[in-house]
Amino acid sequence: MPARLHSREQEELERMLRLHPEWRGLMAQYPQHRQADTEASRHEAEAAFAAHAVKMQLSGRTDATTLLSAAPEKQSRRPLKTGLILAGSLVLLACGIIYLDKKLEHPLPAIAKSEVVTRKGTTTTITLPDGTKVWLNADSKLSYPESFKGKKTREVTLTGEAYFDVSRDSICPFVIHTDKINIRYWVRLSM
């Protein structure tokens, strides 16, 4: 045992060695001659002891957290959980980046739209691609796609006033979007 231990430190060391007799071998390996008065030498010795404790833990001979602490404690699983959370986050981030990269390589095709605008004091009659007739009132605007084929709904956007004679389609409802409400017309044919 080093002669430079205070009585309280000596008692603490003896208590730890009684609790863990297998550590007596470690004390024999601990370099006593490296204990010098300088602060740098003490830090070097502590670092060597810590490295040895880690090697002991990795080899499965002892638990380094109890070796380095004054009182043995239950080993926490927090570093493992933190590591798993970090790994999962990195996987999700990588998947998101790959998804966005693929999406940017193949952007969705632009939907061709038509727009009809009437001036003040005039009205216009339009026939939409599905056969729906629209009478657009003065100072109004109607936007609609050039084709409704392959769509689940037939959607148009109206600003102003219009009268619609909607063509029947039991599968694809007709939706009119306005600033205040959305109107859905859907005819279900009974068989």
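Everything discussed here concerns the structure shown above.
Everything quoted here is computed from the prediction, not taken from an experiment.

Novice: Got a minute to help me understand the overall build of the protein chain in this structure?
Specialist: Summing up its helical and strand segments, the protein chain has five helices and eight strands in all. Ordered by position from N to C terminus, the α and β elements of the protein chain give α-α-α-α-α-β-β-β-β-β-β-β-β. Considering the protein chain as a whole, with its 191 residues, one finds that 23% of them fall into the buried category. Here the analysis covers contacts within the protein chain between residues at least 6 apart in sequence; of these, 30% occur between residues at least 24 apart. Entry remark: accessible area of the protein chain is about 14,700 Å², with carbon and sulfur atoms responsible for 58%.

Novice: Would you mind showing me how to read a nonpolar patch on the surface here?
Specialist: On the surface, Leu-86, Leu-90, Leu-93 and Ile-97 cluster together into a nonpolar patch covering about 410 Å² of accessible area. Inspection of the secondary structure puts Ile-97 in helix α5 (residues 78–105). Residue Ile-97 is classed as exposed on the basis of its relative accessible area of 52%.

Novice: I keep staring at the nonpolar core and nothing clicks. Help me out?
Specialist: As a rule of thumb, soluble globular proteins bury nonpolar side chains together. Within the largest apolar cluster, 14 residues are counted, with the highest numbers of intra-cluster contacts made by Ile-126, Leu-128, Leu-142, Tyr-144, Val-156, Phe-164 and Phe-174. Counting residues per element, the ones that place at least two in this core are β3 (133–136), β4 (141–145), β5 (154–159) and β7 (174–177).

Novice: Looking at this structure, how should I read the packing of aromatic side chains?
Specialist: The geometry of two aromatic rings is summed up by the distance between their centres and the angle between their planes. A full pass over the atoms with the stated rule returns two aromatic pairs. Here Trp-135 and Tyr-163 contribute two aromatic rings whose centre-to-centre distance is 5.4 Å and whose plane-to-plane angle is 45 degrees, an arrangement assigned as tilted. Of this pair, Trp-135 sits in strand β3 while Tyr-163 sits in strand β6 (residues 162–165), and the two are 28 residues apart along the sequence. The exposed category is assigned to Tyr-163, whose relative accessible area is 52%.

Novice: Where do I start with the sheet that holds β5 in this structure?
Specialist: Strands pair in a sheet through their backbones, by hydrogen bonds, and they do so in one of two ways: parallel or antiparallel. Strand order across the open sheet formed by five strands is β1-β4-β5-β7-β8, with mixed pairing between neighbours. Looking at which strands have only one partner, the edges of the open sheet turn out to be β1 (113–117) and β8 (182–185). The sheet shows a mean angle of 20 degrees between the axes of neighbouring strands, taken without regard to direction. Bridging between β1 and β4 involves five bridges; their strand directions are antiparallel.

Novice: What should I look at first to understand the pattern of salt bridges in this one?
Specialist: Two side chains that carry opposite charge are able to pair once their charged atoms sit near each other. Tallied over the entire structure, the rule returns two salt bridges. Linking Glu-12 and Arg-15 is a salt bridge whose minimum nitrogen-to-oxygen distance equals 3.1 Å. One end of the pair is Glu-12 and the other is Arg-15, both in helix α1 (residues 7–19) and three residues apart, which spans about a single turn. On the basis of relative accessibility, which here comes to 31%, the residue Arg-15 falls in the partly exposed class. For Arg-154, the salt bridge is made with Asp-130, and the minimal N-O distance between the two is 2.5 Å. Of the two residues, Arg-154 is situated in strand β5 and Asp-130 in the loop between β2 (124–127) and β3; the sequence distance between them amounts to 24 residues. Residue class for Arg-154 comes out buried when judged on its relative accessible area of 3%.

What counts, and at which threshold
- Residues numbered from 1 in each chain as written.
- Predicted model: local features only at pLDDT ≥ 70, side-chain atom pairs only at ≥ 80, totals over all residues.
- Heavy atoms only, no water.
- Helix = DSSP H or I, 4+ residues; strand = E, 2+ residues; numbered from the N terminus.
- Buried < 20%, exposed > 50% of the residue type's maximum accessible area, 1.4 Å probe, protein only.
- Contact = heavy atoms within 4.5 Å.
- Areas by Shrake-Rupley, 256 points an atom, 1.4 Å probe, with all protein chains shown as cover.
- Patch = residues over 30% accessible without salt bridge, like charges linked within 9 Å, V, L, I, M, F, W, Y side chains within 5 Å.
- Salt bridge = Lys/Arg side-chain N within 4 Å of Asp/Glu carboxyl O.
- Core = buried A, V, L, I, M, F, W, Y, C linked by side-chain atoms within 4.5 Å.
- Phe/Tyr/Trp six-rings, centres within 6.5 Å; stacked < 30°, edge-to-face > 60°.
- Pairing = 2+ DSSP bridges.
- Axes fitted to C-alpha atoms, helices over the stretch in contact; angles between N-to-C directions.

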